[in-house]
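Summary of the model geometry
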Amino acid sequence: MSRWWGGEAGRLRTAVLNTRSSSLSSSPPAAAYHTIQAIPRECTGSKISARDRAQGRIPAVVFAQQLFTGGKIDGRSVSRKHILTTERKQIQAILKSVQPEFICSTTFPLQIRAGSGSSVLLESGKVLPLKIHRDPETGKVLNLVFAWADEGSELKVDVPLVFKGEDVCPGIKKGGNLNRIRPSLKFLCPAEHIPSKIEVDVSNLDIGDRILMHEVEVHPSLKLLSRNETMPVCKINAAKFEESGEV
């Protein structure tokens, strides 16, 4: 875990807030969420992290996604890697305001201030949660990993699929059942067009019908990251009846 917290506080730049596209099933406007308040951490280590948690704070790190995935990076990406702490109560409120499966496909505003209660704003911008590390026994949040979601940048995002139209699906009305083969799809998304979820309409499917990856409707700027785009995301299977053996 300590590898997430390495590096220096770095030089600070201001990021531009992104916008949403109405053609996608995306997150609610940023105003609907708390702006995450964070302060820099000058020191790292397990003892310091434990002290921060005891004081009601959660260790966090934010950087360009390329640093997390091992992609090509530049000097600006490295300089925007910051080790931080956030307020536990605020993070808990944010996690309660968003369905768990949509957390890592929803962007949030972040402000980095000089210190707790300080009015000095060091940097601000949109971030995308990459990892939320929890205690396996208590479920408490231990650490947070964010990626900058600057307008004009692209991020790899696992976007959850939400299936709709089951109540009027012809195949289901005939006794079939919906087989949800893929719970999510990975896309390369412009930061300003990251959908929190993608709705898949099954209202016209009959028994045996399926929807393939490339048939899922998304914003045209999204690029599907799959080696086989003809794999199905769902299928209407016929109901199976067990033979009773009675004559």
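Residues numbered from 1 in each chain as written. Predicted model: local features only at pLDDT ≥ 70, side-chain atom pairs only at ≥ 80, totals over all residues. Heavy atoms only, no water.

In space, the three strands of this open sheet follow the order 8-13-11, with antiparallel pairing throughout. Pairing within the sheet leaves two strands with one partner each, and these edge strands are strand 8 (177-180) and strand 11 (210-212). Across the sheet, the mean angle from the axis of one strand to that of its neighbour is 15°, orientation sign disregarded. Pairing of strand 8 with strand 13 (residues 232-237), which is carried by four bridges, proceeds in the antiparallel orientation. Paired with Leu178 across the two strands is Ile236, which belongs to strand 13. (Pairing = 2+ DSSP bridges. Helix = DSSP H or I, 4+ residues; strand = E, 2+ residues; numbered from the N terminus. Axes fitted to C-alpha atoms, helices over the stretch in contact; angles between N-to-C directions.)

Turning to the side chain of Ser203, a few remarks are in order. With respect to the helices, strands and loops of the structure, Ser203 is situated in the loop between strand 10 (198-201) and strand 11. A relative accessible area of 15% places Ser203 in the buried class. Polar contacts involving the side chain of Ser203 include one to the side chain of Asp201, which spans 2.7 Å. Each residue touching Ser203, except ones within four places of it in the same chain, is listed here: Lys164, Gly165, Val168, Cys169 and Pro170. (Buried < 20%, exposed > 50% of the residue type's maximum accessible area, 1.4 Å probe, protein only. Polar contact = N/O pair within 3.5 Å; in protein donor to acceptor, adjacent residues only side chain to side chain. Contact = heavy atoms within 4.5 Å.)

By themselves, these figures tell us nothing about what the structure is for.
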